Amino acid sequence: MRFLRRENLPHIWCVGCGHGIVLGAVARAMEKAGVDQDRTVVVSGIGCSSRAVGYLSMDALHTTHGRALAFATGIKLARPDLRVVVLAGDGDLAAIGGNHLIHAARRNIGITTVCFNNGIYGMTSGQYSPLTPAGYRTTTSPFGHLERDFDLCRLVQAAGATYVARSTAYHVHQTITYITRALNHDGFSFVEVFSPCPTYFGRFNRMADPVKMMQWLHDGTVQAGQAARMTPEELRGRVVIGEFHRTQEVPEYARSYREMIARLAEGGDHGAG
Amino acid sequence: MSQPRLMQGNEACVEGALEAGLQFFAGYPITPSTEIAELLADRLPRVGGFFIQMEDEIASMAAVIGASLAGMRAMTATSGPGFSLKQENLGYAAITETPCVVVNVQRVGPSTGMPTSPAQGDVMQARWGTHGDHPVVVLTPSSVLETYTLTAKAFAIADELRVPVILLTDEITGHMRERVLLPDPGTIPRSRRPRAGQAPPDIPPMEHFGEGRRVMVTGLYHDSTGFWTESREEADRLVRRLAGKVESRREQLTMVDRWHLDDAQVVVVAYGCVARSAQRAVHLARERGHRVGMLRLSCLWPFPRHEIEAIAERVDRIVVPEMNLGQMVGEVERAACGRCKVIGYNRVDTELIRPEELLPVLEGV
Ligand SMILES: Cc1ncc(C[n+]2csc(CCOP(=O)(O)OP(=O)(O)O)c2C)c(N)n1
Ligand code: SF4
């Protein structure tokens with residue numbers, strides 16, 4: 001596939017890791033969205049998932065833990081003509097980078113973010129993340145996790161993201177569709193993709209076998225349309241996937257800034273329109 | 001022709017940056033650096049540039065690096081607590097060789113200390129604040145006009161050497177107002193990054209995002225393709241080259257003012273706001289017949305080691321006044337290496353060191 005940087009393969013991920021599937025979905029979505037790979041920058045933080053940018057044949061920026069969106073904001077403002085895509089883990093985006101996530105969403109800056117959600121910190125070997133579901137075991141919650149997990153999609157939507165969707169590595173076609181739409185969206189778009197980590201999440205929760213994790217993604221999810229007809233009891237413990245939010249009514253930030261510059265160049269005032 | 005203007009240090013920093021062709025500023029408010037952000041919020045969009053107030057200092061530093069990698073001359077400004085937050089990404093800029101300018105208008109520390117009061121406590125943070133071995137260039141102005149010239153110089157060095165450059169000023173220099181005559185507009189040459197075919201052997205050519213080069217940039221040890229590597233040889237080569245590209249240009253980067261060094265028996269080595277008092281003290285001591293000289297540092301790192309060595313050969317004593325418990329004095333001692341006595345004079349009560357209090361130290365009473 002022309003979007004992959006073949007010379008950098010093989011990738012670093014474990015056998016059965018979902019990150020390769022998500023990366024494949026990103027590459028296919030880029031193909032479908034007609035992404036110009038000479039005018040696209042992929043940006044990531046630190047973590048297993050963040051290595052994804054090294055395998056894509058385009059400008060790539062592998063930054064510091066949690067900061068991908070802040071780096072990406074600088075790029076998008078400097079070059080709004082470029083497509084800027086952030087690929088990062090749930091720990092990266094929701095914990096250390098949580099503040100950047102909500103503010104990027106609030107600004108509605110034209111960045112597409114794909115969250116590789118394995119519910120865990122993979123690269124540091126299996127500690128709990130803000131997306132670890134309550135009750136599950138990790139190396140830092142050996143007696144079952146007490147904290148509740150974020151519903152990251154609701155969080156970014158509330159913060160102001162204008163395209164929000166969730167899928168899984170099992171539902172590959174759906175994932176490709178959502179990422180394609182996100183790439184074509186003008187504004188801050190966010191796609192969360194469940195990506196199994198059999199090595200840590202699986203091993204601690206009796207799903208060390210990648211097939212079991214896939215089964216879990218299948219059994220534990222429910223489509224948004226169907227969920228709307230289900231009772232809270234029926235929904236308990238299940239994750240709703242689907243496209244949650246899509247609007248083009250909010251101006252994209254980098255363009256708004258350019259428009260302000262143009263107004264000032266014409267001698268316009270600072271007027272808040 | 002420019003007219004003389006009454007101007008604050010922070011304002012001069014803005015003027016210097018704009019004259020040097022600043023295109024992007026990201027920051028987070030903190031006294032005593034805030035005027036820089038406020039002025040740039042107004043000025044930058046008028047000249048087609050970008051100002052963004054980020055959610056914190058970490059994000060600001062990140063955005064600056066992103067914009068620089070996308071081809072813009074980029075800067076951020078902060079003070080102590082914010083400078084601490086920027087450290088991880090400063091290291092990132094160093095290893096990825098991303099040109100950028102970071103202004104630190106120093107205030108007291110540690111922590112929030114006595115907010116907004118002056119100090120010179122960030123000298124070692126500027127040198128070693130981020131983890132690991134890395135190059136660093138730190139410039140320190142002593143006046144409003146010098147804030148202007150050094151800000152512009154910072155961009156030139158950042159671009160040429162592909163390094164983050166720190167402008168280490170202080171509350172007094174930043175807030176002080178002086179009458180200055182700025183150079184005529186358009187007289188500062190635009191800084192240049194080493195592009196393909198023009199780069200010196202120890203600095204890779206800069207390739208920007210969006211040029212179709214499919215650049216790979218990572219904070220991990222990487223090979224010449226930019227891709228991460230686990231090779232020990234590559235790691236060693238990278239870190240040594242990064243340190244070496246600044247180290248080997250130490251003489252070129254040395255910026256000092258020399259006063260009465262020829263016959264001096266006692267020499268004051270000073271920088272930043274304190275250099276103003278020290279210069280006055282030297283003048284007073286001279287009037288009273290003491291053979292006192294002074295070396296003022298405008299570039300702290302790389303440290304002008306050879307200058308100090310030469311002075312230490314000839315004098316009895318070097319005095320290093322600082323508004324900290326003694327940071328630069330250690331470096332001076334290291335360079336003097338026992339050739340002469342090195343004495344620190346320190347204040348950390350947020351008061352500027354006055355000329356009169358330095359006199360007895362210079363005169364040796
Ligand atoms: C400032 C900082 N803190 C901690 C780390 C250690 N660290 C590396 S990756 C990582 C978490 C990765 O988890 P996630 O983002 O969920 O990605 P995954 O590896 O699970 O794909 C952490 C905590 C770091 N590199 N930098
Ligand atoms: S540790 Fe988990 S997330 Fe990381 S590569 Fe292995 S399976 Fe994937």
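Residues numbered from 1 in each chain as written. Chains lettered and ligands numbered in written order. Predicted model: local features only at pLDDT ≥ 70, side-chain atom pairs only at ≥ 80, totals over all residues. Heavy atoms only, no water.

Caption draft 1: View of the pairing of strand β7 (residues 164–170) of chain B. Residue and element names in this part refer to chain B. Taking burial as the measure, the 7 residues of β7 include 7 buried ones, the bulk of the element. Burial of β7 is two-sided: the residues Pro164, Ile166, Leu168 and Asp170 facing one way and the residues Val165, Leu167 and Thr169 facing the other way are all buried. Note: strand β5 (residues 100–106) against β7, 7 bridges, orientation parallel. From the neighbouring strand, glutamine 106 faces β7, where its bridge partner is aspartate 170. The pairing of strand β6 (residues 137–139) with β7 spans 3 bridges and is classified as parallel. Bridging across to β7, leucine 139 finds its partner in leucine 167. (Buried < 20%, exposed > 50% of the residue type's maximum accessible area, 1.4 Å probe, protein only. Helix = DSSP H or I, 4+ residues; strand = E, 2+ residues; numbered from the N terminus. Pairing = 2+ DSSP bridges.)

Caption draft 2: Expanded view of the nonpolar core. Formed by 132 residues in total, the largest nonpolar core has its most connected members in Phe24(B), Met75(B) and Ile318(B). Ranked by the residues each element gives to this core, the list is headed by helix α6 (residues 144–161) of chain B, at 9 residues. Residues Phe3(A), Val35(A), Tyr55(A) and Val191(A) belong to the second largest nonpolar core, which totals 38 residues. (Core = buried A, V, L, I, M, F, W, Y, C linked by side-chain atoms within 4.5 Å.)

Caption draft 3: Molecular detail of helix α11 (residues 253–265) of chain A. A rise of 1.5 Å per residue sets the reference length of α11(A), with its 13 residues, at 18 Å; its end C-alpha atoms lie 18 Å apart and thus fit the reference within 8%. Within the span of α11(A), buried status applies to Ala254(A), Tyr257(A), Ile261(A) and Leu264(A). The arc that holds every buried residue of α11(A), seen down its axis, measures 85 degrees, which confines them to one face. Tucked into the core, α11(A) has its buried residues touching α2 (68–78) of chain A together with β3 (50–53) of chain B. (Expected span 1.5 Å × (residues − 1). Arc of directions from axis to C-beta. Contact = heavy atoms within 4.5 Å.)

Caption draft 4: Seen up close, the site of ligand 2. Taken together, the neighbourhood of ligand 2 is formed by Trp13(A), Cys14(A), Cys17(A), His19(A), Cys48(A), Asn118(A), Cys197(A), Pro198(A), Thr199(A) and Tyr200(A). Counting residues per element, the shell around ligand 2 draws most heavily on helix α7 (residues 198–204) of chain A, which supplies 3 residues. (Near = heavy atom within 4 Å.)

Caption draft 5: Seen up close, a nonpolar patch on the surface. Together, Ile12(A), Ile46(A) and Met123(A) line one region of the surface with nonpolar side chains, adding up to about 220 Å² of accessible area. In this fold, Ile12(A) is placed in the segment before α1 (19–33). (Patch = residues over 30% accessible without salt bridge, like charges linked within 9 Å, V, L, I, M, F, W, Y side chains within 5 Å. Areas by Shrake-Rupley, 256 points an atom, 1.4 Å probe, with all protein chains shown as cover. Salt bridge = Lys/Arg side-chain N within 4 Å of Asp/Glu carboxyl O.)

Caption draft 6: Structural detail: the interface of chain A and chain B. Facing the 38 residues of chain A at the interface are 40 residues of chain B. In total, about 3,300 Å² of surface goes out of reach between chain A and chain B, with carbon and sulfur atoms giving 62% of it. Contact with chain B buries area across many residues of chain A, yet Asp59(A), His62(A) and Phe71(A) alone supply 15% of it, more than any other trio. Across the chain A-chain B interface, the total number found is 2 salt bridges. We note a salt bridge from Arg214(B) to Asp38(A), for which the minimum N-O separation is 2.8 Å. There are 17 residue pairs in polar contact (both at pLDDT 80 or more) connecting chain A and chain B. Counting residues per element, the ones that place at least two in the side of chain A that touches chain B are β2 (59–62), α2, α4 (98–107) and α11 of chain A. At 7 residues, α2(A) tops the list of elements feeding residues into the side of chain A that touches chain B. (Buried area = accessible area lost by both parts, 1.4 Å probe. Polar contact = N/O pair within 3.5 Å; in protein donor to acceptor, adjacent residues only side chain to side chain.)

Caption draft 7: Expanded view of the state of the cysteines. Counted by the stated rule, this structure contains 0 disulfides over all chains. The thiol of Cys115(A) is not disulfide-bonded; the next cysteine sulfur, from Cys153(A), is found 8.3 Å away. For the unlinked cysteine Cys340(B), the closest cysteine sulfur is that of Cys337(B), found at 11 Å. Judged by relative accessible area, Cys340(B) falls into the buried class, the value being 12%. (Disulfide = S-S within 2.5 Å.)

Caption draft 8: Local environment of the packing of helix α11 (residues 305–314) of chain B against helix α12 (residues 328–336) of chain B. Residue and element names in this part refer to chain B. Viewed as axis vectors pointing N to C, α11 and α12 meet at an angle of 65 degrees, and their least axial separation amounts to 8 Å. When the axes of α11 and α12 are compared, the crossing they make is right-handed. On the side of α11, the interface is formed by Arg305, Ile308, Glu309 and Ala312, while α12 contributes Val332, Ala335 and Ala336. A class-by-class count of the residues in the contact of α11 with α12 yields 5 nonpolar, no polar and 2 charged. (Axes fitted to C-alpha atoms, helices over the stretch in contact; angles between N-to-C directions. Left-handed = near helix turned anticlockwise from the far one by under 90°. Nonpolar A, V, L, I, M, F, W, Y, C, P; charged D, E, K, R; others polar.)

Caption draft 9: Fine view of the sheet that holds strand β13 (residues 299–301) of chain B. Residue and element names in this part refer to chain B. Pairing within the open sheet is mixed, and its 7 strands lie in the order β3-β2-β4-β5-β7-β6-β13. The open sheet is flanked by β3 and β13, the only strands paired with a single partner. The average angle at which neighbouring strand axes cross in this sheet is 20 degrees, direction not considered. Sheet topology places β6 next to β13; 2 bridges connect them, and they run antiparallel. Counterpart to valine 138 in the pairing with β13 is tryptophan 301.

Caption draft 10: Quick look at the packing of aromatic side chains. According to the stated counting rule, one finds 12 aromatic pairs over all chains in the structure shown. Both rings, one in Tyr136(A) and one in Trp216(A), keep their centres 5.9 Å apart while their planes meet at 65 degrees; by these two values the pair is edge-to-face. Of this pair, Tyr136(A) sits in the loop between β6 (127–128) and α5 (152–159) while Trp216(A) sits in helix α8 (residues 210–219), and the two are 80 residues apart along the sequence. Classification of Trp216(A) as partly exposed rests on a relative accessible area of 24%. Measuring from centroid to centroid gives 6.3 Å for Trp301(B) and Phe303(B), while their planes differ by 45 degrees, and the two rings are tilted. Per residue, the accessibility class of Trp301(B) equals that of Phe303(B), and both read buried. (Phe/Tyr/Trp six-rings, centres within 6.5 Å; stacked < 30°, edge-to-face > 60°.)

Caption draft 11: View of the environment of Cys13(B). Residues and elements named next belong to chain B. Locating cysteine 13 in the fold gives a position in helix α1 (residues 9–19). Separated by 39 residues in sequence, cysteine 13 and isoleucine 52 place their C-alpha atoms 18 Å apart. In this structure, cysteine 13 is in contact with Ile36, Met75, Val103, Thr147, Thr151 and Leu167, ignoring residues within four places of it in sequence.

The values reported here are purely geometric and, on their own, carry no functional implication.
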